[in-house]
Every structure is written in C-alpha cells, then in structure tokens.
Amino acid sequence: MTDITPPSSPSPASTTGRSFNELPLSPGMLATLQQLGYLTMTPIQAASLPIALAGHDLIAQAKTGSGKTAAFALALLTRLNPRRFAVQAMVLCPTRELADQVTQEIRRLARSADNIKILTLCGGSTMRPQIASLEHGAHIVVGTPGRIMDHMERGTLNLEALNTLVLDEADRMLDMGFYDDIAFVAKRCPAERQTLMFSATYPDGIARLARQFMRAPQEVKLLEQHEESKIRQRFYKVEDGDRLQAVGLLLKHYRPVSTLAFCNTKQQCRSLLEVLHAQGIKALTLNGDLEQRERDQVLIQFANRSSSVLVATDVAARGLDIAQLEAVINVDVTPDPEIHIHRIGRTGRADQDGWALSLCSPADRHRIIGIAQMMRIEPEWHELGELPSADEAPLVPPMVTLQILGGRKEKIRPGDVLGALTGEAGYTREQVGKITVTDQSTYVAVARNIANDAVRKLSAGKVKGKTVKVRAL
Ligand code: ADP
Ligand code: MG
C-alpha cells in the first residue's frame, strides 16, 4: 500500500533526540528523512542504528510505535546496491498487514534512490503473480515465513545475494508458531550475512533463535516508559451485564475521533460490534474470518478516520501502526499487566494526549491491582453514572472512504487522485485525507460533507486520463 498523509497531520518529531546527521547516511537519505519529518532519531533508532550500520548482528527490543521499521530499513537500504538485480535483503513479518506496513515504510525511505524494487510475498495472494514479479527481479523482499518458505522450496526465490536478514516482530512470529519456518528460512540464507531481530517483548524463544542463527549479536533494549502525562488512565466500575453498553457511553462522553477497543475474545468483539452498530456508531472489527481485501479495507477506513472504532483482540491488533489514536478502551481488562501497558501505549503518542479507559467488573479488581503495581500508579476510579445519558449527539467520523476501482496494477499513484480532487473537482487539500493505493483499488478519505459530491465528480471526471468507478464505503 502507498499512503500519503495531508500536511495537517502531526509528525511525531521530538526536539530532544539526536540527529540522523550523526550517522553514515547518504545525502539523499538524509534529505528523504527531512522530507518525511523525521527530524531526530527515536530512542530505539539512536541505540540501534550505529550498531546495525556498522554491520553487526543485532537484537533490538522496544515497544510498538517506537520506530523500529526505520531502524532496520535504513541499515538494509544503506547496504543495498541498486544496480545489482538480486534479492539483497529480506524481512520476515508475522502477518500480511505488517508486511504491507513494512514495505510501505521501506518504499518511503527508499525514494531518493533509483528504482529499488521491493516485493511483498505473503499468503492469501496467488503464487503466480508473485513468481512473475520475482522473475522480473527484486532488491528487497518482505513477507511472511510460510510464503517465503514456499517460494524457497519451489526455487522461485533465489537468496544467493542476500546480505541482510531481518526478523521483524520476532516475538509475535514465535507466538504464531513460526519458529520452525524461521529456522528453515534462516538456515538457507547465506552464512555471510547480517541478521537483525526486532521485537516488542523478549520471550525465551528469542534467545533460542538468536543462538541458532545470529553471530555475536549486540542487544539493545528500551524499557517501556510511558509519560503518564500524555496517557490519562481511568477505570470505570461496571457489572458484566452492562459492559458492552458502557462502551457507547464512554465514546459519546469522551468523543475521540479514533478509538481502539480491546476485547479478550473474538466472540466479545462480535458482540460489541453489534451493540455499537445498534447505537449508530461506526465501528469495524478485525478478525481471522475476514478475507484479505476486507481486512485491508478495515484498516484503511480506521486509519483514515472514517470509522470511529476498531474492535480487536490483542492478537489482531498487535504491531499495527495507527498514528493518531485518541483513546484506547479496555472493554475487557487483560489478565496480563504487561499486555495492558502495551494496549494503552497505542494512544498518547506523538506528544498528543490520549485516553486509556478500562471497564472493570468486581471480578476484574484483582487485575487492576496487578496493573497498578506494575505501572506504579494509583488507579483513578470512576462510576458510569457520571457519564451523560445515551441521547447525546451521535458520534460521527469526520471522513468517508471512497473506493476507486483501479490501483497499483493500473499505475495509479496517490498524486493522481489528489490531483483529480483538488484540480478539476475543485476541492481543497484540507478536504482530502489519507490516500492508500493497493494492487486493485485506491482508497481516498474525503471530508464527510463532500463525500457524495466527490463520488459524483470523480465518476464523471478522469483519474490518470481514464474514467474510473467510484463508490463510498
Ligand atoms: P514499530 O515498528 O516500533 O512499532 P514503526 O516503525 O511502525 O514502529 O514506527 C511508528 C511510527 O513512527 C511510524 O508512523 C513512523 O513513520 C514514525 N517514525 C519512525 N521514525 C521516526 C522518526 N525518527 N521521527 C518521526 N517519526 C518517526
Ligand atoms: Mg514494527
């Protein structure tokens, strides 16, 4: 997927970090970082980039959202020879969504270099086009272990020129039972290579993997630090029977534009979705039953602010990079305090405030004690009765997603769509949100009040010189 975000969205730059100029990066790369608004290194980047750029094996651990992708992307891009048409770097990711996000971030970072080909190889897509793309030549492949293994077994993925192997979200890959697949892949990579492993947590399997495939890895660990000032945490007392209804009350009271609502089970996700829909709240859920295209659409609609709520289990939400999240709601409290800290760390990023709201039945109280101990906080208890009644103004997302049939296959780029909307159709840059190009479709977020009009104008006009089919999701 290719994204552009309008300039109005904040970039998570901090004024205290260290500059990328300290690193042995090309002038083109430094310019790209500047353009992307990456003004200083995040702490994990500052700690790991000098090691990775020096060619050492590395195990890096830091929480979700800390900028791990760029930490390995800069290392592998620096080493890459664009004139050599062979796979020189490979990134293993646990899921297709994460692989897409990584591909997207590498593409953004690679834009100053000439024509670097990056391929995503994941299950759920047919093999044939992947094989054709591989035959065409790629510099970097990003994919899930199972599908990469498939290609290796069929002989369609040649790794003789590989010099960098990255295991991203290694903990999550282990959770998903990929140990043997990773072992299979790593064993067949050239021995002379650099291996970089990134992880949000550090379970036992990580050390076991490292012993098997890494050479004197250096370790960098950044302990989870939340500036409590940015995440405001409140605990609401509920009875189990009121739990799902209470979510709507919280949403109507706090009115966050984007909320990630965590449930402990898939069944609870489904039930919550029904309740929210009945209350007229635009909510979507991610689960394993969705087809890949549907999953993409869910993530796109949530990330571009045309759905108020994303309902998910920890497994479904892990690793997803959602930039602006005003609130996290723990519909169910998790039994694991570390997971709780992870969940709420999704909000309050990039110097913005975030709400972390947890619904706690009497049976959950002991879990809150564990969380409070680990976070060294005094829980702030509230009653649902303090919240206004349900007849508040409805919560409406600011944007609507338009789907244009035609994507990367048709060589559509974000700029083509932005051009059509701000040119002929006459809209302002501010009325257009995030634009995401997938293989078959392009998704553009537009301000809710122009959505119908924009569908009409786009259908009547042209994108990239062609008539297109458009619909609002
Ligand atoms: P992680 O893999 O640790 O979960 P990501 O690599 O997905 O984190 O990065 C999270 C977000 O931070 C992304 O939107 C990315 O574009 C942004 N980001 C990464 N590095 C920087 C930086 N140095 N300055 C500003 N933003 C950054
Ligand atoms: Mg990541």
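S.K.: Explain the sheet that holds strand β3 (residues 89-92) here, please?
M.R.: The pairing of strands in a sheet happens through backbone hydrogen bonds and is either parallel or antiparallel. The 7 strands lie next to each other as β4-β5-β3-β6-β7-β2-β8, forming an open sheet whose pairing is parallel. Each having just a single partner strand, β4 (118-121) and β8 (218-221) make up the two edges of the open sheet. Each adjacent strand pair in this sheet contributes to an overall mean axis angle of 15 degrees, direction not counted. On the sheet, helix α3 (residues 68-79) packs against β3, β5 (140-143), β6 (164-167) and β7 (194-199) and is oriented at approximately 170 degrees with respect to β7.

S.K.: When you look at the side chain of Thr95 in this model, what are you seeing that I'm missing?
M.R.: In this fold, Thr95 is placed in the loop between β3 and α4 (96-109). At 3.2 Å, the side chain of Thr95 and the backbone nitrogen of Leu98 are in polar contact.

S.K.: Help me understand the packing of aromatic side chains, please; the structure alone is not making it clear to me.
M.R.: Inspection of the entire model under this criterion finds 4 aromatic pairs. With a centroid separation of 5.7 Å and an interplanar angle of 45 degrees, the aromatic rings of Phe235 and Trp381 are classed as tilted. Here Phe235 is found in strand β9 (residues 231-237), whereas its partner Trp381 is found in strand β15 (residues 381-383), with 146 residues between them in sequence. Given a relative accessible area of 30%, Trp381 falls into the partly exposed group. With centroids separated by 6.5 Å and ring planes inclined at 85 degrees, the aromatic side chains of Tyr236 and Tyr254 adopt a geometry described as edge-to-face.

S.K.: What am I meant to see in the pairing of β4 here?
M.R.: Each regular strand shows side chains that alternate between the opposite faces of the sheet. One ladder, built from 4 bridges, connects β4 with β5; its direction is parallel. Note that in β5 the partner of Leu119 across the bridge is Val141. Assessed by its sense of winding, the connection that carries the chain from β4 through helix α5 (residues 127-136) to β5 is right-handed.

S.K.: Would you explain the environment of Val257 in this entry?
M.R.: Note that Val257 resides in the loop between α10 (243-254) and β10 (259-262). Note: C-alpha distance between Val257 and Phe302 (45 residues apart in sequence) is 9.9 Å. Setting aside its immediate chain neighbours within four residues, Val257 contacts Arg305, Ser307, Ser308, Glu326 and Pro398.

S.K.: Looking at this structure, how should I read the site of ligand 1?
M.R.: Tyr38, Thr40, Gln45, Gly65 and Thr69 are the nearest of the 16 residues found near ligand 1. Within the backbone of Gly65, one N or O atom sits 2.5 Å away from an oxygen atom of ligand 1. In the environment of ligand 1, an oxygen atom lies 2.9 Å from a nitrogen or oxygen atom belonging to the side chain of Lys68. Here ligand 1, which alone exposes 570 Å², has 90% of that area covered by the protein. Among the secondary structure elements, those contributing two or more residues to the shell around ligand 1 are α3 and α4. When its residues are assigned to classes, the shell around ligand 1 shows 3 nonpolar, 8 polar and 5 charged.

S.K.: Hey, could you run me through the nonpolar core in this one?
M.R.: Side chains that are nonpolar tend, in soluble globular proteins, to be buried together. Counting residues in hydrophobic clusters, the biggest one holds 43 residues, and the most contacted among them are Phe20, Leu77, Val91, Ile106, Leu109, Ile140 and Val142. Secondary structure elements with two or more residues in this core: α1 (27-35), α2 (43-53), β2 (58-61), α3, β3, α4, β5 and β7. Excluding anything up to four places from it in sequence, Leu77 contacts Met29, Ile106, Leu109, Ala110, Ile116 and Ile140. Formed by 34 residues, the second largest nonpolar core is a distinct cluster that contains Val87, Leu119, Met152 and Leu157.

S.K.: Looking at this structure, I do not really get helix α11 (residues 266-278). What am I missing?
M.R.: Residue pairs spaced three or four apart in an α-helix point in one direction, given the helix's 3.6 residues per turn. Between the first and last C-alpha of α11 there are 19 Å, a value that for 13 residues agrees with the 18 Å anticipated at 1.5 Å per step. Lining the buried residues of α11 we find α10, β10, β11 (283-285) and β12 (309-312). Looking one or two places after α11, you find Gly280, whose phi comes out positive at around 75 degrees.

S.K.: Quick question: what am I supposed to make of the environment of Leu310 here?
M.R.: Checked against the element boundaries, Leu310 lands in strand β12. By relative accessible area, Leu310 is classed as buried at 0%. Considering only alpha carbons, one finds Leu310 and Leu273, 37 residues apart in sequence, at a separation of 9.1 Å. Residues contacting Leu310, with those up to four places away along its chain left out, are Thr259, Leu260, Ala261, Leu284, Thr285, Leu286, Val298, Leu299, Phe302 and Ile322.

S.K.: In this structure, what is going on with the sheet that holds β15? I would like to understand it.
M.R.: Sheet architecture is open: 7 strands sit in the order β11-β12-β10-β13-β14-β9-β15, paired in parallel fashion. Edge strands, defined here as strands with exactly one partner in the open sheet, are β11 and β15. On average, each strand axis in the sheet is inclined to that of its neighbour by 25 degrees, with strand direction left out of account. Across the sheet, helix α12 (residues 292-303) is in contact with β10, β11 and β12; its angle to β12 comes to roughly 135 degrees. Relative to strand β13 (residues 327-330), helix α14 (residues 337-344) is tilted by about 150 degrees, and along the sheet it contacts β9, β10, β13 and β14 (354-360).

S.K.: Sorry, what's going on with unusual backbone geometry here?
M.R.: Glycine aside, the phi torsion of most residues is negative, and most peptide linkages are trans. In the Ramachandran plot, Arg255 falls in the positive-phi region, its phi being about 50 degrees despite a non-glycine side chain. Relative accessible area serves as the criterion here: at 34%, Arg255 is assigned to the partly exposed category. Positive phi values are uncommon outside glycine, yet Arg305 reaches one of about 70 degrees. Inspection of the secondary structure puts Arg305 in the loop between α12 and β12.

S.K.: Explanation requested: the confidence of the model for the protein chain in the structure shown.
M.R.: Caution applies to low-pLDDT regions: their predicted coordinates should not be interpreted in detail. Here the protein chain averages 89 in pLDDT, while 93% of its residues score no lower than 70. Overall, residues 1-15 carries pLDDT values under 50, and its contacts beyond four positions in sequence, including any with other chains, amount to 37 contacts.

Criteria and cut-off values
Residues numbered from 1 in each chain as written. Chains lettered and ligands numbered in written order. Predicted model: local features only at pLDDT ≥ 70, side-chain atom pairs only at ≥ 80, totals over all residues. Heavy atoms only, no water. Pairing = 2+ DSSP bridges. Helix = DSSP H or I, 4+ residues; strand = E, 2+ residues; numbered from the N terminus. Axes fitted to C-alpha atoms, helices over the stretch in contact; angles between N-to-C directions. Contact = heavy atoms within 4.5 Å. Polar contact = N/O pair within 3.5 Å; in protein donor to acceptor, adjacent residues only side chain to side chain. Phe/Tyr/Trp six-rings, centres within 6.5 Å; stacked < 30°, edge-to-face > 60°. Buried < 20%, exposed > 50% of the residue type's maximum accessible area, 1.4 Å probe, protein only. Right-handed = clockwise from strand over helix to strand, strands pointing away. Near = heavy atom within 4 Å. Areas by Shrake-Rupley, 256 points an atom, 1.4 Å probe, with all protein chains shown as cover. Nonpolar A, V, L, I, M, F, W, Y, C, P; charged D, E, K, R; others polar. Core = buried A, V, L, I, M, F, W, Y, C linked by side-chain atoms within 4.5 Å. Expected span 1.5 Å × (residues − 1). pLDDT = per-residue confidence, 0-100.

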